[in-house]
Amino acid sequence: QLVESGGGLVQAGDSLTLSCTASGGAIKSHTMAWFRQATGKERDFVAAAIWNGRDTDYADSVKDRFTIYRDNAKNTVYLQMNSLKPEDTAVYYCAGRGTVTIATLPSAYDDWGQGTQVTVSS
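The residue numbering used here restarts from 1 in each chain and proceeds along that chain's sequence as written. Whole-chain, interface and lining totals are the exception, using all residues; otherwise, since this is a predicted model, local features are given only for residues with pLDDT of at least 70 and side-chain atom pairs are given and counted only at 80 or more. Think of the side-chain values as coming from all heavy atoms in the structure, minus any hydrogens and water.

A. Region of interest: the environment of Ser-121. In this text, helices come from DSSP runs of H or I with a minimum length of four residues, and strands from runs of E with a minimum of two, each type numbered from the N-terminal end. Position of Ser-121 among the secondary structure elements: in strand 11 (residues 116-121). Accessibility here uses a 1.4 Å probe with only protein chains present; expressed as a share of the type maximum, an area under 20% marks a residue as buried, one over 50% as exposed, and anything in between as partly exposed. For Ser-121, a relative accessible area of 26% corresponds to the partly exposed category. Should any heavy atoms of two residues lie within 4.5 Å, those residues are considered in contact. Sequence-distant contacts of Ser-121, that is, excluding residues within four places in its chain, are made with Leu-9, Val-10, Gln-11 and Ala-12.

Structure representation (structure tokens):
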């Protein structure tokens with residue numbers, strides 16, 4: 001089970017860090033990712049990291065602003081979000097898959113959290 005936390009209401013330009021902790025099992029061998037879904041839109045890929053955290057991928061819209069990193073000892077993956085924009089407003093979901101390759105489609109991931117709301121005001 002994946003549980004996200006850290007969402008909230010912030011102003012444009014602020015920073016926020018989301019956390020996703022896996023209970024009931026280790027994530028060290030999993031590829032972990034963050035997706036987001038704005039109201040009325042599809043769920044979009046944000047960032048992903050393979051098990052060692054060294055190989056990562058980001059959506060173009062968040063490159064150089066967001067950073068995904070993980071602490072396998074704590075079974076936790078984080079999403080550091082800087083220079084937030086109103087268009088970053090969405091429900092953010094943590095996802096995991098039991099393979100070592102990064103995927104950007106939601107259908108490639110087996111485990112999902114319940115989501116955490118991030119709202120960025122202008």
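B. Quick peek at unusual backbone geometry. Positioned with a positive phi, Asn-75 is a non-glycine residue whose angle comes to about 50°. Tracing the sequence through the fold places Asn-75 in the loop between strand 7 (66-71) and strand 8 (76-81). Located in the positive-phi region is Ser-83, a residue other than glycine, with phi close to 50°. Checked against the element boundaries, Ser-83 lands in the loop between strand 8 and strand 9 (90-97).

C. Examining the side chain of Gln-80 more closely. Within the secondary structure, Gln-80 is located in strand 8. A polar atom in the side chain of Gln-80 sits 2.4 Å from the side chain of Thr-17. Residue contacts for Gln-80: discarding those within four places in its chain leaves Ser-15, Leu-16, Thr-17, Arg-65, Phe-66, Thr-67 and Tyr-69. Think of a polar contact as two N or O atoms within 3.5 Å of one another; within protein, one of them needs to be a possible hydrogen donor and the other a possible acceptor, and neighboring residues in sequence only count if both atoms come from side chains.

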